[in-house]
Amino acid sequence: MLALYFTTNVVNAQIFATDESKLFNPLTDDITKRLPNLRVLIDSAVANSPNVRIEELRADYYYMEQISAQRAWLEHFSFNVDWNFGKWNFRDRDELTRIDRFYFSESIRDNYALGFYIRFPFATLVDRRNRINKQKKWIEISFAQRDVNRMFVENLVVDYYNMMIQWQNYIRIYNDYQKFTLIQMQYAQNQFLNGEIAPSEYARLKEIQTRGAIEYQQAISEFSKNYQFLEILTGIQFNLINVLR
């Protein structure tokens, strides 16, 4: 029983030592020094974006359509080979004697035929270049849309990254403000108990202190939200544990 208890404590100590390197405190640590740099985050988000990927796939598809348009003239050339084998039964009339007699005969035969033809509509000749150019334009449109989607993803990464930094700064500001209002509230409580301030003034100071605590928790929540958005957008698990969460 003692050995089991000792082993459990050793395992827990090892886990804690491992996790301690992942601990992050927004009040003392700088988030920009714990994450990959912004350029890496942007490149990863672009590579991870399904909207960018789908336009690349669409461009590949239109390129295949362009190849098909270039080869479409081959559809007007045809080479046919037919071969038949079987038993045929015939009911023939004797045309020489002009007598209404019919004779039945049976024949086993096979036959084959070879054929080749060319059929060219004028539209194939006249509109061929235009059809190929239309497919090329679809490729250009897909690449342009891909760039639009890429720019949108890049802007999202920059926004979430800067908002995360901004909310970390707010956490520090609201933390200092919360400490100040807490001290002020303790002083006001003593004044209230000694009858030095009115209940209305005490309630006003309590409201200020409560609002500061709410804003502090909101800043922590917004920081975590933008941090998670960055993880989803970039496809990277940062694996930091926010001690204020």
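Criteria and cut-off values
Residues numbered from 1 in each chain as written. Predicted model: local features only at pLDDT ≥ 70, side-chain atom pairs only at ≥ 80, totals over all residues. Heavy atoms only, no water. Helix = DSSP H or I, 4+ residues; strand = E, 2+ residues; numbered from the N terminus. Buried < 20%, exposed > 50% of the residue type's maximum accessible area, 1.4 Å probe, protein only. Contact = heavy atoms within 4.5 Å. Areas by Shrake-Rupley, 256 points an atom, 1.4 Å probe, with all protein chains shown as cover. Salt bridge = Lys/Arg side-chain N within 4 Å of Asp/Glu carboxyl O. Expected span 1.5 Å × (residues − 1). Polar contact = N/O pair within 3.5 Å; in protein donor to acceptor, adjacent residues only side chain to side chain. 1 Å grid on protein atoms, 1.4 Å probe; cavity = no way out; pocket = protein on both sides within 12 Å on 5 of 7 lines; lining within 4 Å. Points joined across faces, edges and corners; volume = space filled by probe spheres on them. Core = buried A, V, L, I, M, F, W, Y, C linked by side-chain atoms within 4.5 Å. Axes fitted to C-alpha atoms, helices over the stretch in contact; angles between N-to-C directions. Parallel < 35°, antiparallel > 145°, perpendicular 65-115°, else oblique. Nonpolar A, V, L, I, M, F, W, Y, C, P; charged D, E, K, R; others polar. Left-handed = near helix turned anticlockwise from the far one by under 90°.

**Q** How should I be thinking about the overall build of the protein chain in this particular structure?
**A** Counting its secondary structure elements, the protein chain contains six helices and four strands. For the protein chain, the N- to C-terminal ordering of α and β elements is α-β-α-α-β-β-α-α-α-β. By the burial criterion, 25% of the 245 residues in the protein chain qualify as buried. The long-range fraction of contacts in the protein chain, counting pairs at least 24 apart against all pairs at least 6 apart in sequence, stands at 73%. Just so you have it, the protein chain exposes about 17800 Å², and 57% of that area is on carbon and sulfur atoms.

**Q** Even after reading the chapter, I still don't get the pattern of salt bridges, so can you show me in this structure?
**A** Opposite charge on two side chains permits pairing when their charged atoms draw close. As enumerated under the stated definition, the model contains 13 salt bridges in all. Residues Asp30 and Lys33 are paired through a salt bridge, measuring 3.3 Å at the closest nitrogen-oxygen approach. A relative accessible area of 30% places Asp30 in the partly exposed class. Taking the shortest distance from any N to any O, the salt bridge between Arg39 and Asp43 comes out at 3.0 Å. Of this pair, Arg39 and Asp43 both sit in helix α2 (residues 38-48), four residues apart, which is roughly one turn of the helix. Of the residues examined, Arg39 reaches a relative accessible area of 45% and is grouped as partly exposed. Residues joined in a network through salt bridges with shared partners are Arg39, Asp43 and Glu154.

**Q** Is there a simple way to think about the environment of Gln218 in this case?
**A** The residue Gln218 is located in helix α6 (residues 199-234) in this model. The spacing of Gln218 and Tyr174 is 44 residues in sequence and 9.7 Å in space, taken between C-alpha atoms.

**Q** Explanation requested: the environment of Ala47 in the structure shown.
**A** Of note, Ala47 is situated in helix α2. Classification of Ala47 as exposed rests on a relative accessible area of 69%.

**Q** Before we go on, may I ask you to explain helix α5 (residues 128-193) in this structure?
**A** Given 3.6 residues per helical turn, the α-helix brings residues three or four places apart onto the same face. In this model, α5 (66 residues) spans 94 Å end to end at C-alpha, consistent with the 98 Å of a helix rising 1.5 Å per residue. Immediately downstream of α5, the backbone of Gly195 shows phi near 75 degrees, a positive value.

**Q** Looking at this model, I keep getting lost on the side chain of Thr181. Mind explaining?
**A** On the secondary structure map, Thr181 appears in helix α5. Among the polar contacts listed, one links the side chain of Thr181 to the backbone oxygen of Gln178, at a separation of 2.9 Å. Setting aside residues up to four positions removed in sequence, Thr181 forms contacts with Ile208 and Gln209.

**Q** Is there a simple way to explain empty space enclosed by the protein in this structure?
**A** Summary: where empty space remains is shown by rolling a probe the size of a single water molecule over the atoms. Overall, the coordinates contain one cavity of 30 Å³ or more when judged by the stated rule. In this model, the largest cavity occupies a volume close to 50 Å³. Together, Phe24, Ile31, Phe223, Ser224, Tyr227, Leu240, Asn242 and Arg245 line the largest cavity. Considering each element in turn, the lining of the largest cavity owes the most residues, three residues, to α6.

**Q** Help me out: how do you make sense of the nonpolar core in this one?
**A** Burial of nonpolar side chains together is a common tendency in soluble globular proteins. If you look at the biggest cluster of nonpolar residues, it comprises 23 residues, and the most contacted ones within it are Ile31, Leu35, Val157, Met164, Phe223 and Tyr227. Where this core is concerned, the elements lending two or more residues are α2, α5 and α6. The greatest single-element share of this core, amounting to seven residues, is contributed by α6. Grouped together as the second largest cluster of nonpolar side chains are five residues, Ala188, Ile197, Leu205 and Ile208 included.

**Q** Any chance you could explain the packing of helix α3 (residues 50-71) against α5 here in plain terms?
**A** Between two packed helices, what matters for the description is the angle formed by their axes and the separation of those axes. Contact geometry of α3 with α5 gives a least axis separation of 8 Å together with a crossing angle of 170 degrees. Our classification of the angle between α3 and α5 gives roughly antiparallel. In the contact of α3 with α5, the residues fall into nine nonpolar, seven polar and nine charged.

**Q** Hey, could you run me through the packing of α2 against α5 in this one?
**A** At their nearest, the axes of α2 and α5 sit 9 Å apart, and the two run at 140 degrees to each other. What the angle tells us is that α2 and α5 run oblique. At the point where α2 passes α5, the crossing takes the right-handed sense. Here α2 contributes Leu38, Arg39, Leu41, Ile42, Ala45 and Val46 to the contact with α5, which in turn contributes Arg150, Val153, Glu154, Val157, Val158 and Tyr161. Within the contact of α2 with α5, the residues separate by chemical class into nine nonpolar, no polar and three charged.

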